[in-house]
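# Reading the structure
One-letter residues, chain by chain:
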Amino acid sequence: MTPTEPEKKKLSFSTALVLAVVLLVVLLTCVPYLVTIALAEGPAPANASPIFGVTIPPGYKQWELIAPAEEAAPLDELRAVLGNQTAVDAYQAGKLPFPDGTILVKRAWKRKQSPEFASATIPGAATTVQVMVKDSKKYASTGGWGFGRFIDGKPVDEAQHRTCWGCHEARARSRDYVFTRLAP
(Lines give C-alpha, C1' and ligand atoms only; values in the text may rest on other atoms or scores of the structure.)
Protein backbone atom coordinates (compact mmCIF):
# COMPACT_ATOMS: atom_id res chain seq x y z
CA MET A 1 0.00 0.00 0.00
CA THR A 2 1.48 3.33 -1.08
CA PRO A 3 0.96 6.47 1.03
CA THR A 4 -1.26 9.16 -0.41
CA GLU A 5 0.03 12.66 -1.16
CA PRO A 6 -1.30 14.14 2.15
CA GLU A 7 0.23 11.20 4.06
CA LYS A 8 3.57 11.79 2.34
CA LYS A 9 3.48 15.46 3.40
CA LYS A 10 2.55 14.50 6.97
CA LEU A 11 5.36 11.88 7.06
CA SER A 12 7.85 14.36 5.58
CA PHE A 13 6.85 17.01 8.14
CA SER A 14 7.15 14.51 11.02
CA THR A 15 10.59 13.41 9.85
CA ALA A 16 11.74 17.02 9.50
CA LEU A 17 10.38 17.85 12.95
CA VAL A 18 12.20 14.90 14.55
CA LEU A 19 15.45 15.85 12.78
CA ALA A 20 15.07 19.47 13.91
CA VAL A 21 14.54 18.40 17.52
CA VAL A 22 17.54 16.06 17.40
CA LEU A 23 19.70 18.83 15.90
CA LEU A 24 18.54 21.29 18.57
CA VAL A 25 19.35 18.82 21.35
CA VAL A 26 22.80 18.18 19.88
CA LEU A 27 23.50 21.92 19.59
CA LEU A 28 22.28 22.71 23.09
CA THR A 29 24.36 19.86 24.48
CA CYS A 30 27.58 20.41 22.56
CA VAL A 31 27.88 24.15 21.98
CA PRO A 32 28.44 25.18 25.62
CA TYR A 33 31.11 22.48 25.91
CA LEU A 34 32.83 23.58 22.70
CA VAL A 35 32.70 27.25 23.74
CA THR A 36 34.25 26.36 27.10
CA ILE A 37 37.08 24.52 25.38
CA ALA A 38 37.66 27.35 22.92
CA LEU A 39 37.78 29.95 25.69
CA ALA A 40 39.95 27.82 27.97
CA GLU A 41 42.51 26.83 25.38
CA GLY A 42 42.54 29.89 23.17
CA PRO A 43 45.67 30.82 21.32
CA ALA A 44 48.90 30.61 23.29
CA PRO A 45 49.93 34.04 24.52
CA ALA A 46 52.89 35.68 22.87
CA ASN A 47 56.18 34.66 24.48
CA ALA A 48 54.61 31.69 26.29
CA SER A 49 56.77 28.71 27.16
CA PRO A 50 56.34 25.67 24.95
CA ILE A 51 54.54 22.70 26.52
CA PHE A 52 53.22 24.66 29.52
CA GLY A 53 52.12 28.03 28.09
CA VAL A 54 53.66 29.89 31.05
CA THR A 55 54.54 33.56 30.59
CA ILE A 56 56.61 36.03 32.60
CA PRO A 57 54.15 37.61 35.04
CA PRO A 58 53.80 41.39 34.81
CA GLY A 59 55.17 43.30 37.81
CA TYR A 60 57.13 40.31 39.17
CA LYS A 61 60.20 42.47 39.89
CA GLN A 62 58.24 44.12 42.70
CA TRP A 63 57.28 40.83 44.37
CA GLU A 64 58.66 39.81 47.73
CA LEU A 65 61.98 38.00 47.96
CA ILE A 66 61.64 34.36 48.98
CA ALA A 67 65.37 33.60 49.01
CA PRO A 68 68.65 34.41 47.28
CA ALA A 69 70.93 31.68 45.98
CA GLU A 70 74.31 31.24 44.40
CA GLU A 71 74.98 28.70 41.67
CA ALA A 72 78.55 27.40 41.45
CA ALA A 73 80.51 26.65 38.28
CA PRO A 74 79.83 26.06 35.51
CA LEU A 75 76.88 28.49 35.74
CA ASP A 76 78.49 30.94 38.22
CA GLU A 77 75.23 32.76 38.84
CA LEU A 78 73.58 34.84 41.52
CA ARG A 79 69.88 34.11 41.81
CA ALA A 80 66.86 35.56 43.54
CA VAL A 81 63.53 33.76 43.88
CA LEU A 82 60.52 36.04 44.16
CA GLY A 83 56.95 35.04 44.91
CA ASN A 84 53.49 36.43 44.37
CA GLN A 85 51.33 37.03 47.46
CA THR A 86 49.89 33.50 47.31
CA ALA A 87 53.43 32.09 47.41
CA VAL A 88 54.53 34.40 50.22
CA ASP A 89 51.48 33.49 52.33
CA ALA A 90 52.07 29.76 51.79
CA TYR A 91 55.76 30.03 52.70
CA GLN A 92 55.01 32.05 55.84
CA ALA A 93 52.32 29.57 56.92
CA GLY A 94 54.57 26.59 56.12
CA LYS A 95 51.82 25.30 53.83
CA LEU A 96 52.59 22.36 51.58
CA PRO A 97 51.48 21.58 48.99
CA PHE A 98 51.45 25.11 47.66
CA PRO A 99 47.96 26.33 46.75
CA ASP A 100 46.83 26.88 43.18
CA GLY A 101 47.74 30.38 42.08
CA THR A 102 51.23 30.22 43.57
CA ILE A 103 53.80 31.76 41.23
CA LEU A 104 57.55 31.66 41.80
CA VAL A 105 60.02 33.59 39.63
CA LYS A 106 63.76 32.98 39.68
CA ARG A 107 65.93 35.78 38.32
CA ALA A 108 69.55 34.91 37.52
CA TRP A 109 72.68 36.93 36.73
CA LYS A 110 76.30 36.08 36.04
CA ARG A 111 78.43 36.64 39.15
CA LYS A 112 81.05 39.34 38.92
CA GLN A 113 83.45 40.98 41.32
CA SER A 114 82.48 44.40 42.56
CA PRO A 115 84.76 47.12 41.15
CA GLU A 116 84.41 49.05 44.41
CA PHE A 117 84.89 46.24 46.92
CA ALA A 118 87.18 43.34 45.98
CA SER A 119 85.63 40.75 48.29
CA ALA A 120 82.05 41.45 47.12
CA THR A 121 80.26 39.60 44.35
CA ILE A 122 77.58 41.51 42.47
CA PRO A 123 75.13 40.71 39.67
CA GLY A 124 76.55 40.96 36.18
CA ALA A 125 74.65 40.28 32.96
CA ALA A 126 71.17 38.82 33.33
CA THR A 127 71.00 35.19 32.22
CA THR A 128 67.49 33.79 32.71
CA VAL A 129 64.09 34.29 34.23
CA GLN A 130 62.46 31.03 35.30
CA VAL A 131 58.81 30.76 36.30
CA MET A 132 56.77 28.10 38.12
CA VAL A 133 52.97 28.35 38.18
CA LYS A 134 50.81 26.13 40.40
CA ASP A 135 47.58 24.93 38.80
CA SER A 136 46.79 21.42 39.96
CA LYS A 137 44.22 20.77 37.22
CA LYS A 138 45.99 22.30 34.23
CA TYR A 139 49.37 20.78 35.14
CA ALA A 140 48.20 17.55 36.79
CA SER A 141 50.74 15.45 34.88
CA THR A 142 53.65 17.54 36.25
CA GLY A 143 52.81 17.64 39.94
CA GLY A 144 50.50 20.62 39.49
CA TRP A 145 53.28 22.89 38.21
CA GLY A 146 53.80 24.61 34.87
CA PHE A 147 57.28 25.82 33.97
CA GLY A 148 58.79 28.59 31.88
CA ARG A 149 62.40 29.48 31.21
CA PHE A 150 63.17 32.71 29.41
CA ILE A 151 66.26 34.43 28.02
CA ASP A 152 65.89 38.10 27.10
CA GLY A 153 62.14 37.76 27.62
CA LYS A 154 61.79 34.95 25.09
CA PRO A 155 61.04 31.33 26.01
CA VAL A 156 63.80 28.80 25.43
CA ASP A 157 63.10 25.84 23.18
CA GLU A 158 60.85 22.88 23.93
CA ALA A 159 63.76 20.51 24.59
CA GLN A 160 64.94 22.66 27.52
CA HIS A 161 61.41 22.85 28.91
CA ARG A 162 61.14 19.08 28.85
CA THR A 163 63.94 18.90 31.44
CA CYS A 164 62.14 21.07 34.06
CA TRP A 165 59.72 18.50 35.44
CA GLY A 166 62.20 15.62 35.60
CA CYS A 167 64.65 17.63 37.67
CA HIS A 168 62.00 18.90 40.11
CA GLU A 169 60.37 15.48 40.38
CA ALA A 170 63.66 13.72 41.12
CA ARG A 171 65.05 16.20 43.64
CA ALA A 172 62.21 18.10 45.33
CA ARG A 173 59.25 15.72 45.51
CA SER A 174 58.94 16.02 49.30
CA ARG A 175 58.69 19.82 49.06
CA ASP A 176 55.87 19.93 46.47
CA TYR A 177 58.56 19.93 43.76
CA VAL A 178 59.99 23.30 44.87
CA PHE A 179 63.69 23.65 45.67
CA THR A 180 63.61 27.10 47.30
CA ARG A 181 63.14 27.43 51.05
CA LEU A 182 62.06 30.71 52.63
CA ALA A 183 65.12 32.68 53.74
CA PRO A 184 65.17 33.29 57.50
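Cut-off values and rules
Residues numbered from 1 in each chain as written. Predicted model: local features only at pLDDT ≥ 70, side-chain atom pairs only at ≥ 80, totals over all residues. Heavy atoms only, no water. Helix = DSSP H or I, 4+ residues; strand = E, 2+ residues; numbered from the N terminus. Buried < 20%, exposed > 50% of the residue type's maximum accessible area, 1.4 Å probe, protein only. Contact = heavy atoms within 4.5 Å. Areas by Shrake-Rupley, 256 points an atom, 1.4 Å probe, with all protein chains shown as cover. Pairing = 2+ DSSP bridges. Arc of directions from axis to C-beta. Axes fitted to C-alpha atoms, helices over the stretch in contact; angles between N-to-C directions. Salt bridge = Lys/Arg side-chain N within 4 Å of Asp/Glu carboxyl O. Phe/Tyr/Trp six-rings, centres within 6.5 Å; stacked < 30°, edge-to-face > 60°.

The next subject is the overall build of the protein. Check the secondary structure of the protein and you find 3 helices and 6 strands. Put simply, the protein runs from its N terminus to its C terminus through helices and strands in the order α-β-β-α-β-β-β-β-α. Evaluated residue by residue, the protein yields a buried proportion of 29% over its 184 residues. Taking contacts inside the protein between residues at least 6 apart in sequence as the whole, the part at least 24 apart equals 51%. In the structure as shown, the protein presents an accessible area of about 12,000 Å², 61% of it carried by carbon and sulfur atoms.

Turning to the pairing of strand β2 (residues 77–83), a few remarks are in order. Burial within β2 is extensive, with 7 of its 7 residues counted as buried. Sheet topology places strand β1 (residues 64–71) next to β2; 7 bridges connect them, and they run antiparallel. Within β2, the residue paired with Glu71 across the bridge is Glu77. Sheet topology note: the β2/strand β3 (residues 103–113) ladder contains 7 bridges and is antiparallel. Across the sheet, Gly83 pairs through a bridge with Leu104, a residue of β3.

Among all positions of helix α3 (residues 158–171), only His161, Cys164, Trp165 and His168 are buried. Angularly, the buried residues of α3 cover 75° about the axis, an arc narrow enough to put them on a single face. Facing away from the buried side of α3, by more than 90 degrees, are the exposed residues Ala159, Arg162, Thr163, Ala170 and Arg171. For α3, the elements touching its buried residues are β4 (121–134), β5 (145–151) and β6 (154–155).

What follows concerns the sheet that holds β6. Within the open sheet, the 6 strands sit side by side as β1-β2-β3-β4-β5-β6. Their pairing is antiparallel. The open sheet has two edge strands, β1 and β6, and neither has a second partner. Relative to β4, β3 runs antiparallel, the two sharing 10 bridges. Residue pairing in the sheet places Val105 in a bridge with Val131 of β4. Relative to the sheet, helix α2 (residues 85–93) contacts β1, β2 and β3, its axis offset from that of β1 by approximately 80°.

In the structure shown here, the tally under the stated rule is 7 salt bridges. Among the salt bridges present, the one from Arg173 reaches Glu169, with a minimum N-O distance of 3.5 Å. Here Glu169 falls in the partly exposed class, since its relative accessible area comes to 28%. The network of salt bridges with shared partners includes Glu70, Asp76 and Arg111.

Moving on, we come to the packing of aromatic side chains. All told, the structure shown has 5 aromatic pairs when counted by the stated rule. Each ring, one from Phe98 and one from Trp145, has its centre 5.9 Å from the other, and the planes form 70°; the classification is edge-to-face. You can see Phe98 sitting in the loop between α2 and β3 and its partner Trp145 sitting in strand β5, a full 47 residues away along the chain. Each member of the pair, Phe98 together with Trp145, is buried. In textbook terms, an aromatic cluster arises when at least three aromatic residues are bridged by ring pairs, as seen for Phe52, Tyr139 and Phe147.

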